[in-house]
Amino acid sequence: MYRSHVLVCGGTGCTSSGSQAIINALETEIKKNGLETEVQVVKTGCFGLCALGPIMIVYPEGTFYSMVKEEDIAEIVSEHLLKGRIVSRLVYDETVADTGIKSLNDTAFYKKQMRVALRNCGVINPECIDEYIGCDGYEALGKVLTTMTPDQVIDTILDSGLRGRGGGGFPTGLKWKLAKGNDADQKYVCCNADEGDPGAFMDRSILEGDPHVVLEAMTIAGYAIGATQGYIYIRAEYPIAVDRLNVAIKQAREYGLLGKNIFGTDFSFDIELRLGAGAFVCGEETALMTSIEGHRGEPRPRPPFPAVKGLFGKPTILNNVETYANIPRIILLGADWFKSIGTEKSKGTKVFALGGKIKNTGLVEIPMGTTLREVVEEIGGGIPNGKKFKAAQTGGPSGGCIPAHLIDTPIDYDNLIAIGSMMGSGGLIVMDEDTCMVDIAKFFLEFTVDESCGKCTPCRIGTKRLLEMLDNITKGKATLEDIDKMEELCYYIKDNSLCGLGQTAPNPVLSTLKFFRDEYVAHVVDKKCPAGVCKDLLSYSIIKDKCFGCGMCAKACPAGAITKTDYVAPGKKLPAYEIDTAKCVKCGACVGTCKFKAIVKE
Amino acid sequence: MKSLEELKAIRERMQGQVGMRGEEENSIRVVVGMATCGIAAGARPVLTAFSDLVQEKNLTNVTVTQTGCIGMCMYEPIVEITMPGKEKVTYVKMTAEKAAEVVESHIIGGNVLTKYTIKD
């Protein structure tokens, strides 16, 4: 029996900032102080506040230590764990109030969040099935197998209004119902864990922090549609998640929660992993199933939909990791509970990976209908360095931008589509005034050009041409007619591509054109990049009357483009310098060296 | 595992452990003074006794935690018990045996053991 639990984040974010070394140090120090029977060290999944990692929480006090270093551990153990004195200098500053230490749930980052899918992340040890069971794990599966018919399960999910969290937003219950309605000797349940959007890591965190919830939900889905085999398609670039899933599957099999005759019923179900090799298109459902079958991951036309003819030609359901993470709670607490969260047409919560120009980079789960302003300014802690919010990008390479004047939009599926973006899987990248919107569109398009599988022409050649047009704009080589032509091409690609990758690839261009057309025009007509990002449109120069002739800039210039002139400015003693624009590589190294702000970028 | 009962048994055993990681507003708080003075006077076995008993008896609404020096070092080991809506009770010169009595009588039974509390 332990009197104190020390939870250390073992998610990918904190692991890269050294949490394993922290755990080792903790165990050594705890032993040194003879506390090994009193204090338990638990490696958990992601807490969400990745920006402050490595993160460590000590219970029962609930003390939140952030950015912990290995050398702090001896002090934390001897002061806090041995003597009960919280080391306040290492505590997350937002939890320090005048009255003492505040609860973590009262901090701005957590206050507006509601954790359903992430319920156990950062609370349990993901490699211990008993801890999951201690948090009501596998109770929903027991309930389903012993007291509900498959139709009742499907009706509950339908009634809850749960929609696919992978981005499309298709009603999950309906998907299950369609698959159940198709008779076959074999059916399959698949889980899409091929999370590929740049900057998105919701699914990874769920799998790393609470792998059993996905296994439990897939087994429930198997019972509902009449399947006996499940596959989790997960990208090989998620080694920690793969390890923990393997551990979880092994434990569940040992406990008889996967395998034959689960809970003594005649229902049997098992799950296997399939590793993706890093192709973005394999996140598309038909490509994913083709890849599981052992073929090259390419999409095929629909219909037939997977519910009719999916994996190995059998009826199949494919849901996203986060969708599954909601299922056991809906079964246990009921459809009415789930419906009470969210907006009219989007129920429940959504997990977002918050990134970009924001203070609290990390993972957040909010009720649908929370406004973007609340996410950015309150939960996210605002934009660093006093910069202004310019736009937020949702939906990754398939999504679009939400500009500053729409910051009060409540986030749900339909609102985001109405303003030309999409929910997507949940990447949310915040951009400030230093971001060039043309450059952002170009960034996402470079990604889709790389990841286009090449099967259909509109996507393979269309996105390539689109990227070339964007490139010309950022180099100042385009005309206004090119912008119109580019827009036309966008619609052509959207309408004619085979799968979701191509159909949504032009979205970043279309939405930036919609809200930031003036920036495109500035690139084309004025040959200027208003945010000062596009190198070809930039030029650096020295205001000679401000130059003291110290020569620091010339020393910093890697291209030897800065030289002394004969001109001595009034009131100065040394001759001024100048930049040879023909030699300048526009690296910007000189700007920081000038104490007199004599170098300007325009 | 072949039955729901087995699952329930694991759940109940584990709830006592993972239950610590929540933040209950209505819980009973047992605070043991664990400064140098407390430890020297024998606070460690007292703390261990409380946390073991609370988990053995599956008292999910009780939080056992530690604090620093309360300032009355001659009375150590000191234990404070706060119940929701009631005044704080301070026990002094505690031992592991006394702790067991306090758990039974005060925490479970609701009767303050005045023979161990601080005298004015």
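My aim in this report is to walk through the structure given alongside it, one point at a time.

1. Examining the overall build of chain B
If you tally the helices and strands in chain B, you get 4 helices and 4 strands. The N-to-C order of helical and strand elements in chain B reads α-β-α-α-β-β-β-α. With the C-alpha coordinates of chain B rotated into their principal frame, the extents come out at 55 × 30 × 25 Å. The buried share of chain B, reckoned over its 120 residues, is 47%. For chain B, contacts bridging at least 24 residues in sequence account for 61% of all contacts bridging at least 6. Entry remark: accessible area of chain B is about 5,900 Å², with carbon and sulfur atoms responsible for 51%. For chain B, the distance from the average site of its 14 positive side-chain charges to the average site of its 15 negative ones is 2 Å.

2. Notes on the sheet that holds strand 8 (residues 229-235) of chain A
Residues and elements named next belong to chain A. Spatial ordering of the open sheet is given by 9-8-7-10, a layout of 4 strands whose pairing is parallel. The open sheet has two free edges, formed respectively by strand 9 (270-276) and strand 10 (316-320), since each of these has just one partner strand. Each neighbouring strand pair of the sheet contributes to a mean axis angle of 20 degrees, computed without reference to strand direction. Bridge count between strand 7 (residues 188-193) and strand 10: 5 bridges; the pairing is parallel. Looking at strand 10, one finds that Tyr-188 is bridged to Thr-316.

3. Some thoughts on the sheet that holds strand 11 (residues 349-356) of chain A
Residues and elements named next belong to chain A. Taken in spatial order, the 5 strands of this open sheet run 12-11-15-13-14, and their pairing is mixed. Edge strands, defined here as strands with exactly one partner in the open sheet, are strand 12 (362-367) and strand 14 (400-403). Averaged over all neighbouring strand pairs, the angle between strand axes comes to 30 degrees, with direction disregarded. Where strand 11 meets strand 12, 6 bridges bridge the pair, whose relative direction is antiparallel. Across the sheet, residue Val-351 finds its bridge partner in strand 12, namely Glu-365. Across the sheet, helix 9 (residues 202-209) touches strand 11, strand 12 and strand 15 (427-432), and the angle it forms with strand 11 is around 115 degrees.

4. Remarks on the pairing of strand 15 of chain A
All names here are of chain A. Burial within strand 15 is extensive, with 5 of its 6 residues counted as buried. Where strand 11 lies against strand 15, 4 bridges are found, and the strand directions are parallel. Bridging across to strand 15, Gly-356 finds its partner in Val-430. Pairing of strand 13 (residues 389-394) with strand 15, which is carried by 5 bridges, proceeds in the antiparallel orientation. Looking across to strand 15, one finds that Ala-391 is bridged to Met-431.

5. Considering the environment of Gly-209 of chain A
Residues and elements named next belong to chain A. Of note, Gly-209 is situated in helix 9. Taking the C-alpha atoms as reference points, Gly-209 and Pro-315, separated by 106 residues in sequence, lie 30 Å from one another. When near neighbours in sequence (up to four residues on either side) are disregarded, Gly-209 contacts Gly-45, Asn-120, Cys-121, Ile-124 and Pro-126.

6. Quick look at the packing of helix 3 (residues 43-56) of chain B against helix 4 (residues 96-108) of chain B
When two helices pack together, you describe them by how their axes are tilted relative to each other and by the distance separating the axes. All names here are of chain B. The geometry of helix 3 relative to helix 4 is characterised by a closest axis approach of 8 Å and an angle of 40 degrees between their N-to-C directions. Every pair of crossing elements has a handedness; the one defined by helix 3 and helix 4 is right-handed. Every residue of helix 4 that contacts helix 3 at Pro-45, Val-46, Ala-49, Phe-50 and Leu-53 is listed here: Ala-96, Ala-99, Ala-100, Val-102, Val-103 and Ile-107. Looking at the contact of helix 3 with helix 4, its residues break down into 11 nonpolar, no polar and no charged.

7. Considerations on the pattern of salt bridges
Two side chains carrying opposite charge are able to pair once their charged atoms lie near each other. All chains considered together, the criterion is met by 41 salt bridges over all chains. Across the salt bridge formed by Arg-329 of chain A and Asp-136 of chain A, the nearest N and O atoms sit 3.9 Å from each other. Separated by 193 residues along the polypeptide, Arg-329 of chain A in helix 13 (residues 321-333) and Asp-136 of chain A in the loop between helix 5 (129-134) and helix 6 (139-147) bring together distant segments of the chain. When its relative accessible area of 15% is taken as the criterion, Arg-329 of chain A is described as buried. The exposure class of Asp-136 of chain A is partly exposed, given its relative accessible area of 24%. In this structure, the salt-bridge partner of Arg-204 of chain A is Glu-208 of chain A, at a minimum N-O distance of 3.6 Å. One end of the pair is Arg-204 of chain A and the other is Glu-208 of chain A, both in helix 9 and 4 residues apart, which spans about a single turn. Look at Arg-204 of chain A and you get buried, because its relative accessible area is 15%. With a relative accessible area of 1%, Glu-208 of chain A lands in the buried category. In the salt-bridge network here, residues are joined through shared partners; they are Arg-3 and Glu-38 of chain A together with Arg-44 of chain B.

Reading the values: rules and limits
Residues numbered from 1 in each chain as written. Chains lettered and ligands numbered in written order. Predicted model: local features only at pLDDT ≥ 70, side-chain atom pairs only at ≥ 80, totals over all residues. Heavy atoms only, no water. Helix = DSSP H or I, 4+ residues; strand = E, 2+ residues; numbered from the N terminus. Buried < 20%, exposed > 50% of the residue type's maximum accessible area, 1.4 Å probe, protein only. Contact = heavy atoms within 4.5 Å. Areas by Shrake-Rupley, 256 points an atom, 1.4 Å probe, with all protein chains shown as cover. Lys, Arg positive; Asp, Glu negative; His and termini not counted. Charge placed at Lys NZ, Arg CZ, Asp CG, Glu CD. Pairing = 2+ DSSP bridges. Axes fitted to C-alpha atoms, helices over the stretch in contact; angles between N-to-C directions. Left-handed = near helix turned anticlockwise from the far one by under 90°. Nonpolar A, V, L, I, M, F, W, Y, C, P; charged D, E, K, R; others polar. Salt bridge = Lys/Arg side-chain N within 4 Å of Asp/Glu carboxyl O.

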